[in-house]
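Next come the chains, spelled out residue by residue.
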Amino acid sequence: MTALITGASSGIGRDIARILGSMGIRLIISGRNLENLKELQKEIGMKKVKIITADISYREECIRLYEEASKYNVDILINNAGFGLYGSFLETDLERELEMIDVNITAVHILTKLFLRDFAKRNKGYILNVASSAGFMPGPLMSTYYSTKNYVVRLTEAIHEELRRECSSVYIGAFCPGPVNTNFNRIAGVRFALKGISSEYAASCAVDGMFSRKPLIIPTATMKAGVIASHLVPDTLLSMVTAYMQQKKAR
């Protein structure tokens, strides 16, 4: 089997690559940080790992990544690349938000559609979209990020149902963790009141859930309870709680 992982240079993507590599799965790792990708390639094994650098905030780069990766008969797509941004919607940078939408939504949409068409023809394959528990709730002070993850969750759920109705053997699921201790918090400029899980644990839950064919993968009992509560609590109250749980990270 061959897996393509976006955002593999650090965090969850890097640790998913390590797990899949240990299972004997050939890897195509993608991202913008070539130095980090080369270090991961060396760690896992030069012959097991192919690097394709790409800036998937651009649509043409998404298409190029698909075309180059398709030469290696991809069986697993891990849409992991993404980032967040903390701040009032009035004050956050528009260009940075649009870039976030391109990475968190547009790239996921393009790669999911293109690879899904290939997988459907073969009637096999796995697609794991790394979303977030943020996808189930409003997110004041991180409004754009929460909204992008809501898109990923709902898109994935809809495609899952379409595949089920077609009796397809292709799997698609969404990984929806809460806070994870990665570079995400530093880049987003946020810290969370809720204690984060390790990137290694998150990656293990993601891989186990994917091969168990779970449509929604939510690690830890705390986050599962939180997601259930998000469906029961009025959105106005949920917004207040969410804003309280995240604060600007000290520089």
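Refer to the structure printed above.
Residues numbered from 1 in each chain as written. Predicted model: local features only at pLDDT ≥ 70, side-chain atom pairs only at ≥ 80, totals over all residues. Heavy atoms only, no water.

Asker: How should the overall build of the chain be read in this particular structure?
Answerer: Each helix and strand in the chain was counted, giving nine helices and eleven strands. Burial status across the chain gives 51% buried among its 251 residues. The contacts in the chain between residues at least 6 apart in sequence include a share of 68% that link residues at least 24 apart. (Helix = DSSP H or I, 4+ residues; strand = E, 2+ residues; numbered from the N terminus. Buried < 20%, exposed > 50% of the residue type's maximum accessible area, 1.4 Å probe, protein only. Contact = heavy atoms within 4.5 Å.)

Asker: Explain the side chain of Thr156 here, please?
Answerer: Locating Thr156 in the fold gives a position in helix α5 (residues 143-165). Residue Thr156 is classed as buried on the basis of its relative accessible area of 1%. Once residues lying within four places of it in the same chain are set aside, the contact partners of Thr156 are Asn129, Ile172, Gly173 and Ala174.

Asker: What is the right way to look at the packing of helix α1 (residues 11-22) against helix α7 (residues 199-211) in this model?
Answerer: The angle between the axes and the distance between the axes are what describe a pair of packed helices. Between α1 and α7, whose axes approach to 8 Å, the crossing angle comes to 60 degrees. One element, α1, and the other, α7, form an angle in the oblique class. Handedness of the crossing formed by α1 with α7: right-handed. Along its contact with α1, which presents Gly11, Ile12, Arg14, Asp15, Ile16, Ile19 and Leu20, the element α7 presents Ser199, Glu200, Ala202, Ala203, Ser204, Ala206, Val207 and Phe211. Tallied by class, the residues present in the contact of α1 with α7 amount to nine nonpolar, three polar and three charged. (Axes fitted to C-alpha atoms, helices over the stretch in contact; angles between N-to-C directions. Parallel < 35°, antiparallel > 145°, perpendicular 65-115°, else oblique. Left-handed = near helix turned anticlockwise from the far one by under 90°. Nonpolar A, V, L, I, M, F, W, Y, C, P; charged D, E, K, R; others polar.)

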